[in-house]
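# Fold and geometry: a report
Each chain, letter by letter, is given below.
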Amino acid sequence: MDEDHRASESSEPAVRGSWSDIRRVMANRNIQLIFLASVVAAGGRGLGVLLTYMPLYLQNQLRLDPTYAGVLFSILLVGSVAGPLLFGRVSDTRGRRVILLLIYAASTLCTLVFVGVGASALLPAILLLMGFVVYAESPLLQTFLADSARPADRDLAFGLYFTVVFGIGAFWATILGWAIDNFGFTTGFIIMAASYVAAGLLLLPTRDVQQK
């Protein structure tokens with residue numbers, strides 16, 4: 001595949017990555033809040049968080065047959081593929097902010113319902129919806145970041161984003177593991193739900209930016 005150099009063309013000077021450049025990028029209030037929201041929301045869908053503890057919950061807490069637990073886990077992953085496609089398209093017309101807030105609200109609700117239904121017949125449907133909304137958040141938040149940054153600043157903004165968000169977000173798996181070991185899976189999933197609420201509150205002061 002040939003690279004399309006036109007995608008990165010800009011009349012503005014390229015960002016070199018000095019401390020002054022970083023300060024300029026991070027002075028953008030939208031970008032500040034997007035960084036914070038993503039770090040907080042990583043408590044629910046971060047590096048290895050849901051994918052690590054979901055199978056353990058299904059087998060160790062709900063005592064489901066491993067084969068059935070594997071099917072349920074696959075249903076979650078199917079939702080994780082479909083969700084970003086739909087919400088990404090809808091956000092193109094409705095705006096990133098409002099769709100992200102909707103996703104955070106739905107993720108909170110689905111997580112709490114998931115814990116509440118236990119091993120009932122509703123579990124497959126809840127897991128499908130859960131994957132649908134939880135995994136739509138990260139790609140949509142990154143799109144919001146691209147919208148919020150100047151074209152010449154996007155490379156640096158994404159470099160900072162992945163360094164900070166994935167670096168700090170990786171600790172969430174350890175924090176949740178400690179909470180689950182000491183207080184149980186229900187507490188762990190409540191913390192996940194709370195992370196979505198906190199991330200949604202952080203995004204409330206943001207504003208949609210016309211795509212460049």
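The notes below deal with the structure included here. (Residues numbered from 1 in each chain as written. Predicted model: local features only at pLDDT ≥ 70, side-chain atom pairs only at ≥ 80, totals over all residues. Heavy atoms only, no water.)

## Observations regarding the environment of Gly-88
- Among the structural elements, Gly-88 can be located in helix α4 (residues 66-94).
- When the C-alpha positions of Gly-88 and Leu-140 are compared, they lie 6.2 Å apart, and in sequence the two are 52 residues distant.
- If near-sequence neighbours (up to four positions away) are discounted, Gly-88 is found in contact with Arg-96 and Leu-140. (Helix = DSSP H or I, 4+ residues; strand = E, 2+ residues; numbered from the N terminus. Contact = heavy atoms within 4.5 Å.)

## Quick word on the pattern of salt bridges
- Inspection of the entire model under this criterion finds five salt bridges.
- When the shortest N-O distance is used, the salt bridge between Asp-21 and Arg-24 registers 3.1 Å. In this pair, Asp-21 and Arg-24 both sit in helix α1 (residues 19-26), three residues apart, roughly one turn of the helix.
- Taking relative accessible area as the criterion, Arg-24 reaches 35% and is therefore assigned partly exposed.
- We note a salt bridge from Arg-96 to Asp-147, for which the minimum N-O separation is 2.7 Å. A residue pair is termed long-range when its members are at least 10 positions apart, and Arg-96 in helix α5 (residues 96-117) and Asp-147 in helix α7 (residues 137-148) qualify at 51 residues. Taken as a pair, Arg-96 and Asp-147 share a single burial class, namely buried.
- Three or more residues joined by partner-sharing salt bridges are found here, namely Asp-21, Arg-24, Arg-150 and Asp-153. (Salt bridge = Lys/Arg side-chain N within 4 Å of Asp/Glu carboxyl O. Buried < 20%, exposed > 50% of the residue type's maximum accessible area, 1.4 Å probe, protein only.)

## Description of the packing of α4 against α5
- Look at α4 against α5: their axes get within 7 Å of each other, and the N-to-C directions meet at 135°. Classified by the interaxial angle, the pair formed by α4 and α5 is oblique. Between α4, through Phe-87, Gly-88, Val-90, Ser-91, Asp-92 and Arg-94, and α5, the contact on the second element is made entirely by Arg-96, Val-98, Ile-99 and Ile-103. (Axes fitted to C-alpha atoms, helices over the stretch in contact; angles between N-to-C directions. Parallel < 35°, antiparallel > 145°, perpendicular 65-115°, else oblique.)

## Side note on α4
- Along its 29 residues, α4 runs 41 Å from first to last C-alpha, staying within 8% of the 42 Å computed at 1.5 Å per residue.
- Approximately 25° is the largest bend angle found in α4, and it occurs at Ala-82, with the proline Pro-84 only one to four residues beyond.
- Listing the buried residues of α4 in full gives Ala-69, Leu-72, Leu-76, Gly-79, Ser-80, Gly-83, Phe-87 and Ser-91.
- Contacts made by the buried residues of α4 are with α3 (49-61), α5, α6 (123-134) and α7.
- Its side-chain oxygen 3.0 Å from the backbone nitrogen of Thr-67, Asp-65 forms the N-cap of α4. (Expected span 1.5 Å × (residues − 1). Bend = angle between axes of the 7 residues up to and from the residue. Polar contact = N/O pair within 3.5 Å; in protein donor to acceptor, adjacent residues only side chain to side chain.)

## Observations concerning α5
- Taking 1.5 Å per residue as the helical rise, α5 with its 22 residues ought to reach 32 Å, and the 31 Å between its terminal C-alpha atoms agrees with that figure.
- At its buried positions, α5 is contacted by α2 (29-45), α3, α4, α6, α7 and α10 (185-203).
- Phi turns positive one or two residues past the end of α5, at Gly-118, with a value near 60°.

## Some remarks on a nonpolar patch on the surface
- Among the surface-exposed residues, Val-197, Leu-201 and Leu-204 lie close enough to one another that they form a single nonpolar patch of about 260 Å² accessible area.
- Within the secondary structure layout, Leu-201 lies in helix α10.
- Overall, Leu-201 belongs to the exposed group, its relative accessible area being 54%. (Patch = residues over 30% accessible without salt bridge, like charges linked within 9 Å, V, L, I, M, F, W, Y side chains within 5 Å. Areas by Shrake-Rupley, 256 points an atom, 1.4 Å probe, with all protein chains shown as cover.)

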